[in-house]
Amino acid sequence: KYSDSIQAVELKFEDARHREELHLKSIHTNKSKSRELSERIATDRSRRLGYEQELFDAQQIESATKLRVDSIEEEANSENERSAEMEQNGQMRLVGCLNEQEEIAKDICTEGINIEVLKEQLEKTKQTYLRYMKEEGQEVFEGDWSRSDLTKVQFKVETEERELLRNESQ
């Protein structure tokens, strides 16, 4: 019975050693898995930090882009307002020019009428002058008087004046 009890103890010892080996393997496996999980956690944290940095950078770019878009929209609105104002000023100037042109046309018509009136008065004066010249027995030029006619009259008057001066000086 002693050998049975030694054998039972040896079996228990073997069984305990086998369980110890299993526990050690299990501990070793769990440590390996723990290290792998820790590495994965560290990798995931690093990735997460990278993603957070990328998100932050993207948000910064988005914010800067939004500011540029707002600035461009503001500038475009300002240019549109300035363009509309310039167009309105141009239209007002055009209306002013058209009104001025109309006034000038009216003035030209008025001056044309005045010229016609003056021509009639001049013709009447000419006819009166010609009548007086005929009544005095002076030579009269008939027809339309032009510059050349006036030059002829002026030449004749100057010639007659020279003759008179010569006659007086003799």
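Residues numbered from 1 in each chain as written. Predicted model: local features only at pLDDT ≥ 70, side-chain atom pairs only at ≥ 80, totals over all residues. Heavy atoms only, no water.

Participant: Looking at this structure, I do not really get the overall build of the protein chain. What am I missing?
Facilitator: Helix and strand counts for the protein chain come out as 2 helices and 0 strands. By the compact-globule yardstick of 15 Å for 170 residues, the protein chain is too spread out, its C-alpha radius of gyration being 62 Å. Counting across all 170 residues of the protein chain, residues that qualify as buried make up 3%. As displayed, the protein chain offers around 16000 Å² of accessible surface, 55% of which is attributable to carbon and sulfur atoms. The averaged location of the 40 negative side-chain charges in the protein chain is 14 Å from the averaged location of its 27 positive side-chain charges. (Helix = DSSP H or I, 4+ residues; strand = E, 2+ residues; numbered from the N terminus. Rg over C-alpha atoms; globule rule 2.2 N^0.38 Å. Buried < 20%, exposed > 50% of the residue type's maximum accessible area, 1.4 Å probe, protein only. Areas by Shrake-Rupley, 256 points an atom, 1.4 Å probe, with all protein chains shown as cover. Lys, Arg positive; Asp, Glu negative; His and termini not counted. Charge placed at Lys NZ, Arg CZ, Asp CG, Glu CD.)

Participant: Help me out: how do you make sense of the environment of threonine 151 in this one?
Facilitator: Mapping threonine 151 onto the fold places it in helix H2 (residues 147-169). Between the C-alpha atoms of threonine 151 and methionine 133, which are 18 residues apart in sequence, the distance is 18 Å.

Participant: Can you help me understand helix H1 (residues 2-136) in this one?
Facilitator: Count 3.6 residues to each turn of an α-helix, and residues three or four apart come out pointing the same way. Here H1 spans 193 Å end to end across 135 residues, near enough to the 201 Å set by a 1.5 Å rise per residue. Every buried residue of H1 is listed here: Lys126, Leu130 and Met133. Glycine 137 occupies a position one or two residues after H1 and carries a positive phi of about 85°. (Expected span 1.5 Å × (residues − 1).)

Participant: Please clarify how the pattern of salt bridges should be interpreted in this entry.
Facilitator: Oppositely charged side chains can form a pair if their charged atoms are brought close together. What the rule picks out here adds up to 9 salt bridges. Across the pair aspartate 70 and lysine 66 runs a salt bridge whose closest N-O atoms are separated by 3.4 Å. Of this pair, aspartate 70 and lysine 66 both sit in helix H1, 4 residues apart, roughly one helical turn. Look at aspartate 70 and you get partly exposed, because its relative accessible area is 33%. A relative accessible area of 52% places lysine 66 in the exposed class. For glutamate 116, the salt bridge goes to lysine 119, with nearest N and O atoms at 3.8 Å. Residue glutamate 116 and its partner lysine 119 are located together in helix H1, separated by 3 residues, close to a single helical turn. (Salt bridge = Lys/Arg side-chain N within 4 Å of Asp/Glu carboxyl O.)

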